[in-house]
Amino acid sequence: MNDQHSKIGSIEIIPLPAFRDNYLWLLRCGQLAAVVDPGDAAVVEDGLAAQGLDLCAILLTHHHADHVGGVTELIASRDIPVFGPAAADIQGVNNPVAEGDEVSLDRLGIRFRVLEVPGHTASHIAYLAPGLLFPGDTLFSAGCGRLLGGTAAQLHASLRRLADLPGDTAVYCTHEYTLANLAFARVADPGNPERDEWLVECEARRDAGRPTLPTTIARERRVNPFLRTGEPAVMGVIADRTGVRPRDSLECFAALRAWKDVF
Ligand SMILES: [Zn+2]
């Protein structure tokens, strides 16, 4: 296991960088692997070949091309399950899943529960196993997805739901956006020393060519302004910026999301 891999039980989790800032996550157990959100088939094939792995399942969180673009090619020569949101029409999905469904990858010895987390898109799902979350583009370290189909109310509710997961849950976000998100967080949620410590650590990881991910739910509760929209400090910044004090966490969240879009 190299220093970029992490381990949950007997599953090794390997980042495959793709495009400009995506991670396609490989789950490995022995010589078997599953992949989450394979936007680029060639990157996955290279990752499998480099380690002599046999792909046995694909998990998809939402329909955007950088998450599903490799599916058709990957299944052209394989008869494997492809899990994806039932509410989205994604080519290649042969196991549509919805809220509460179980995704059992018996050959890898891991079982996920499906959470519907609309907001970034209307039909976005996440995959949760004990200690392990694949949130797609819903939650990033110190940030969250843009509204590209869902509503602010949906994304706010989805993020609150993820924030309520056990704090030690490792979160495998799909983009390396952490440093840019932290630059915004410093303005939106000033005076947060834990966030500043996380920034120092992330800068060191990036300087060493390593991912800033995974993060944890406990850390995100403390450093992610989008999970802190009920905090007086964040509400105060929004009030100063817009001239109107948010009435609640959702109003603060909507204003914060809109601000980040133009930051
Ligand atoms: Zn997306």
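As the structure is a computational prediction, the values presented were derived from the model and not from experiment.

Thresholds, definitions, all that
- Residues numbered from 1 in each chain as written.
- Predicted model: local features only at pLDDT ≥ 70, side-chain atom pairs only at ≥ 80, totals over all residues.
- Heavy atoms only, no water.
- Salt bridge = Lys/Arg side-chain N within 4 Å of Asp/Glu carboxyl O.
- Buried < 20%, exposed > 50% of the residue type's maximum accessible area, 1.4 Å probe, protein only.
- Helix = DSSP H or I, 4+ residues; strand = E, 2+ residues; numbered from the N terminus.
- Arc of directions from axis to C-beta.
- Expected span 1.5 Å × (residues − 1).
- Contact = heavy atoms within 4.5 Å.
- Pairing = 2+ DSSP bridges.
- UniProt positions renumbered as here; feature names shortened; annotations may be inferred.
- Donors = N, O, S within 2.8 Å, 3.2 Å for Na, K, Ca; no water.
- Core = buried A, V, L, I, M, F, W, Y, C linked by side-chain atoms within 4.5 Å.
- Axes fitted to C-alpha atoms, helices over the stretch in contact; angles between N-to-C directions.

## Some remarks on the pattern of salt bridges
If charged atoms from side chains of opposite charge come close, those side chains can pair.
Step number 1: Inspection of the entire model under this criterion finds 11 salt bridges.
Step number 2: Between Arg195 and Asp196 there is a salt bridge; the shortest N-O distance is 3.1 Å.
Step number 3: When its relative accessible area of 1% is taken as the criterion, Arg195 is described as buried.
Step number 4: Among the ionic pairs, Arg205 bridges to Glu201, the shortest N-O distance being 2.5 Å.

## Observations regarding helix 5 (residues 178–188)
Step number 1: Of the positions making up helix 5, those classed as buried are Thr178, Asn181, Leu182, Phe184, Ala185 and Ala188. In a view along the axis of helix 5, the buried residues occupy a sector of 160 degrees, so they form one face of it.

## Structural notes on helix 4 (residues 152–163)
Step number 1: Taking 1.5 Å as the rise per residue, helix 4 with 12 residues should run 16 Å; its terminal C-alpha atoms sit 16 Å apart, in good agreement.
Step number 2: Within helix 4, the full set of buried residues consists of Ala152, Leu155, His156, Ser158, Leu159, Leu162 and Ala163. Taken down its axis, helix 4 places every buried residue within 165 degrees of arc, on the same side.
Step number 3: For helix 4, the elements touching its buried residues are strand 9 (110–116), strand 11 (132–134), strand 12 (139–140), strand 13 (143–144), helix 7 (217–223) and helix 9 (249–261).

## Quick look at the sheet that holds strand 8 (residues 102–105)
Step number 1: Spatially, 8-9-10-11-14-15 is the arrangement adopted by the 6 strands of the open sheet, whose pairing is mixed. This sheet does not close on itself; its edge strands, each paired only once, are strand 8 and strand 15 (215–216).
Step number 2: Pairing of strand 10 (residues 125–129) with strand 11, which is carried by 3 bridges, proceeds in the antiparallel orientation. If you follow Ala129 over to strand 11, its bridge partner there is Leu132.

## Digging into the environment of Pro96
Step number 1: By secondary structure assignment, the location of Pro96 is in strand 7 (residues 95–97).
Step number 2: Note: C-alpha distance between Pro96 and Ala86 (10 residues apart in sequence) is 4.4 Å.
Step number 3: Every residue in contact with Pro96, bar those within four places of it in the chain, is listed here: Gly84, Ala86 and Asp101.

## Details of the pairing of strand 9
Step number 1: Across 4 bridges, strand 8 lies against strand 9 in antiparallel orientation. Residue pairing in the sheet places Val103 in a bridge with Phe112 of strand 9.
Step number 2: Between strand 8 and strand 9, which pair antiparallel one after the other, the connecting turn spans 4 residues, and Gly109 there sits at a positive phi close to 75 degrees.
Step number 3: In this sheet, strand 10 lies alongside strand 9 in antiparallel orientation, the contact comprising 4 bridges. When the sheet's bridge partners are listed, Leu115 is paired in strand 10 with Ala126.

## Regarding the UniProt feature "binding site: Zn(2+) 2" (unreviewed entry) in the chain
Step number 1: In the numbering used here, UniProt assigns the "binding site: Zn(2+) 2" (unreviewed entry) feature to Asp66, His67, Asp137 and His175. In terms of the greatest pairwise C-alpha distance, the residues named above, spread along 110 residues, form a tight cluster of at most 10.6 Å across.
Step number 2: With respect to the element layout, His67 can be found in helix 2 (residues 65–68).
Step number 3: Those residues in contact with His67, other than ones at most four positions away along the chain, are Asn22, Asp37, Pro38, Gly39, Leu60, Thr61, His62, Asp137, Thr174 and His175.
Step number 4: Looking at the element boundaries, His175 is found in the loop between strand 14 (170–171) and helix 5.

## A short note on the UniProt feature "domain: Metallo-beta-lactamase" (unreviewed entry) in the chain
Step number 1: Under the present numbering, the feature "domain: Metallo-beta-lactamase" (unreviewed entry) in UniProt falls on residues 21–175.
Step number 2: Secondary structure content for residues 21–175 is 21% helix and 33% strand, and the end C-alpha separation is 5 Å.

## Focus on the coordination of the zinc ion
Step number 1: For the zinc ion, the full set of protein donor atoms is His62 (NE2), His64 (ND1), His120 (NE2) and Asp137 (OD), at a range of 2.2 to 2.3 Å.
Step number 2: Counting residues between consecutive donors of the zinc ion along the chain gives the motif H-x1-H-x55-H-x16-D. Of the two residues, His64 is situated in the loop between strand 5 (54–59) and helix 2 and His120 in the loop between strand 9 and strand 10; the sequence distance between them amounts to 56 residues. For the pair formed by His64 and His120, the shared burial category is buried.

## Considering the nonpolar core
Step number 1: Ranked by size, the top nonpolar core spans 56 residues in total, and within it Leu105, Ile110, Phe112, Tyr127 and Phe134 carry the most contacts.
Step number 2: When residues no more than four places from it in sequence are discounted, the contact partners of Ile110 are Ile11, Leu27, Val103, Ser104, Leu105, Ala129 and Leu132.
Step number 3: Core analysis: the next-biggest nonpolar cluster, separate from the first, contains 22 residues, Ile14, Leu55, Val71 and Val82 among them.

## Examining the sheet that holds strand 6 (residues 82–85)
Step number 1: Pairing within the open sheet is mixed, and its 7 strands lie in the order 1-2-3-4-5-6-7. Only two strands of the sheet have a single partner each, and these edge strands are strand 1 (6–8) and strand 7. For this sheet, the mean angle separating the axes of adjacent strands, direction not counted, is 30 degrees.
Step number 2: Its contacts with the sheet place helix 1 (residues 41–51) against strand 2 (11–18), strand 3 (22–29), strand 4 (32–36) and strand 5, and it is angled at close to 135 degrees to strand 2.

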